Amino acid sequence: MTTRAPRRDSVENRAGILDAARSALAHDPRASIDVIARSAGLSRRTLYGHFDDRDALIRELISTGAQRFNSIAESVAVADADPRIALARLAARLWREAAHVQVAAALALDEAHVEHTATALAPLRRTVAALVRRGQDDGSFRTDIAAPALARLIEEVARTVVARTDATSTGAANLAVRTLLSIAGLSWRDADELLGAHPDIIEGEEPVA
């Protein structure tokens with residue numbers, strides 16, 4: 001049996017709904033289906049032709065965002081042999097991505113969606129776990145905490161930083177990177193030295209006062 005490809009207008013409508021949802025949720029995290037449909041220039045009925053309800057729409061936003069995060073993790077993981085640099089670069093790039101869609105990122109990390117988010121971000125989580133093991137094996141990261149627990153701790157701290165830090169504030173990416181390096185076991189002096197030797201990781205940001 002041949003599966004028919006989606007019509008072009010259907011694909012465009014779905015993409016338009018997702019774009020409208022990102023914008024509407026950035027303005028109001030509680031934006032309703034009606035508001036999102038109007039933002040997309042579509043009827044509520046048309047929107048429901050693509051998504052069963054608001055939660056289904058948010059889950060799709062999470063899934064598409066997770067694909068970008070997973071791709072970033074895959075590219076960064078193989079770029080640096082030093083796990084400290086790899087973790088710093090991963091934190092910086094993920095922060096910049098999350099900062100563009102901070103409200104959507106916060107929704108993804110909300111308890112109501114955390115299980116779906118965890119599944120969608122499984123490749124990213126495996127990358128972080130592998131970085132932690134590499135860092136512990138070569139002495140770069142702390143070894144007083146077992147690798148799986150340390151990887152989970154890094155994940156939870158990153159979640160808090162995304163939810164609690166104003167992405168538009170000066171030095172936000174710098175703060176995010178330094179926080180995760182600290183959890184991994186680097187002192188603030190170690191982080192200074194590392195980031196000073198690799199200024200491209202943080203692109204011209206000033207420290208947060």
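Draft legend 1. Spotlight on the overall build of the protein chain. Within the protein chain, the regular secondary structure consists of 11 helices and 0 strands. Shown N-terminal to C-terminal, the secondary structure of the protein chain runs as helices and strands in the order α-α-α-α-α-α-α-α-α-α-α. Across the 209 residues in the protein chain, those meeting the buried criterion constitute 40%. Counted over contacts in the protein chain with a minimum sequence separation of 6, partners at least 24 positions apart contribute 66%. Approximately 11,900 Å² of the protein chain is accessible, and the part contributed by carbon and sulfur atoms is 51%.

Draft legend 2. Spotlight on the pattern of salt bridges. One pass over the structure, following the stated rule, counts 12 salt bridges. A salt bridge links aspartate 200 to arginine 89; the shortest N-O distance between them is 2.6 Å. Within this pair, whereas aspartate 200 is found in the segment after helix 11 (188-197), its partner arginine 89 is found in helix 5 (residues 83-100), the two being separated by 111 residues in sequence. In this structure, glutamate 156 and arginine 159 form a salt bridge, with 3.6 Å as the shortest nitrogen-oxygen distance. In this pair, glutamate 156 and arginine 159 both sit in helix 9 (residues 147-164), 3 residues apart, roughly one turn of the helix. Judged by relative accessible area, which is 19%, arginine 159 ranks as buried.

Draft legend 3. Region of the structure containing the packing of helix 10 (residues 172-184) against helix 11. In contact at an axis separation of 10 Å, helix 10 and helix 11 are set at 125 degrees when each is read in the N-to-C sense. Judged by the angle between their axes, helix 10 and helix 11 are oblique. As for the relative orientation of helix 10 and helix 11, their crossing is right-handed in sense. The residues of helix 11 that touch helix 10, namely those facing Asn174, Val177, Arg178 and Leu181, are Trp188, Ala191, Asp192, Leu194 and Leu195.

Draft legend 4. A look at helix 8 (residues 122-137). Compared with the 22 Å implied by 1.5 Å per residue over 16 residues, the 23 Å span of helix 8 between its first and last C-alpha is a close match. Those residues of helix 8 that sit buried are Leu124, Thr127, Val128, Ala129, Leu131, Val132, Gly135 and Gln136.

Draft legend 5. Here's a closer look at the environment of alanine 20. Among the secondary structure elements, alanine 20 is positioned in helix 1 (residues 8-27). Among the residues examined, alanine 20 registers a relative accessible area of 7% and is labelled buried. Sequence separation between alanine 20 and isoleucine 36 is 16 residues; the distance between their C-alpha atoms is 5.9 Å.

Draft legend 6. Broad picture of the packing of helix 4 (residues 54-77) against helix 8. Two elements in contact, helix 4 and helix 8, have axes separated by 8 Å at closest approach and are oriented at 25 degrees. Between helix 4 and helix 8, the angle is such that the two are roughly parallel. The crossing of helix 4 and helix 8 is left-handed. Along the contact surface, helix 4 presents Phe69, Asn70, Ala73 and Ala77, while helix 8 presents Pro123, Leu124, Thr127 and Arg134. For the contact of helix 4 with helix 8, the per-class residue count stands at 5 nonpolar, 2 polar and 1 charged.

Draft legend 7. Just the nonpolar core, in detail. Counting 44 residues, the largest nonpolar core has Leu90, Leu124, Ile154, Val177 and Leu181 as the members making the most contacts within it. Secondary structure elements with two or more residues in this core: helix 4, helix 5, helix 8, helix 9, helix 10 and helix 11. With 10 residues, the top contributor of residues to this core is helix 5. Leaving out residues up to four positions away in the same chain, isoleucine 154 has contacts with Leu87, Val128, Val132, Leu180, Ile183 and Ala184. Counting residues in each nonpolar core, the second largest holds 15 residues, with Ala24, Leu42, Leu47 and Ala56 among its members.

Draft legend 8. Helix 4, seen in detail. In a regular helix each residue adds 1.5 Å, so 24 residues correspond to 34 Å; helix 4 covers 34 Å between its end C-alpha atoms and thus fits that length. All of the buried residues in helix 4 are Ala56, Leu57, Ile58, Leu61, Ile62, Ala66, Phe69, Asn70, Ile72, Ala73 and Val76. With a side-chain oxygen lying 3.2 Å from the backbone nitrogen of aspartate 55, the N-terminal cap of helix 4 falls on aspartate 53.

What counts and how
Residues numbered from 1 in each chain as written. Predicted model: local features only at pLDDT ≥ 70, side-chain atom pairs only at ≥ 80, totals over all residues. Heavy atoms only, no water. Helix = DSSP H or I, 4+ residues; strand = E, 2+ residues; numbered from the N terminus. Buried < 20%, exposed > 50% of the residue type's maximum accessible area, 1.4 Å probe, protein only. Contact = heavy atoms within 4.5 Å. Areas by Shrake-Rupley, 256 points an atom, 1.4 Å probe, with all protein chains shown as cover. Salt bridge = Lys/Arg side-chain N within 4 Å of Asp/Glu carboxyl O. Axes fitted to C-alpha atoms, helices over the stretch in contact; angles between N-to-C directions. Parallel < 35°, antiparallel > 145°, perpendicular 65-115°, else oblique. Left-handed = near helix turned anticlockwise from the far one by under 90°. Expected span 1.5 Å × (residues − 1). Nonpolar A, V, L, I, M, F, W, Y, C, P; charged D, E, K, R; others polar. Core = buried A, V, L, I, M, F, W, Y, C linked by side-chain atoms within 4.5 Å. Polar contact = N/O pair within 3.5 Å; in protein donor to acceptor, adjacent residues only side chain to side chain.

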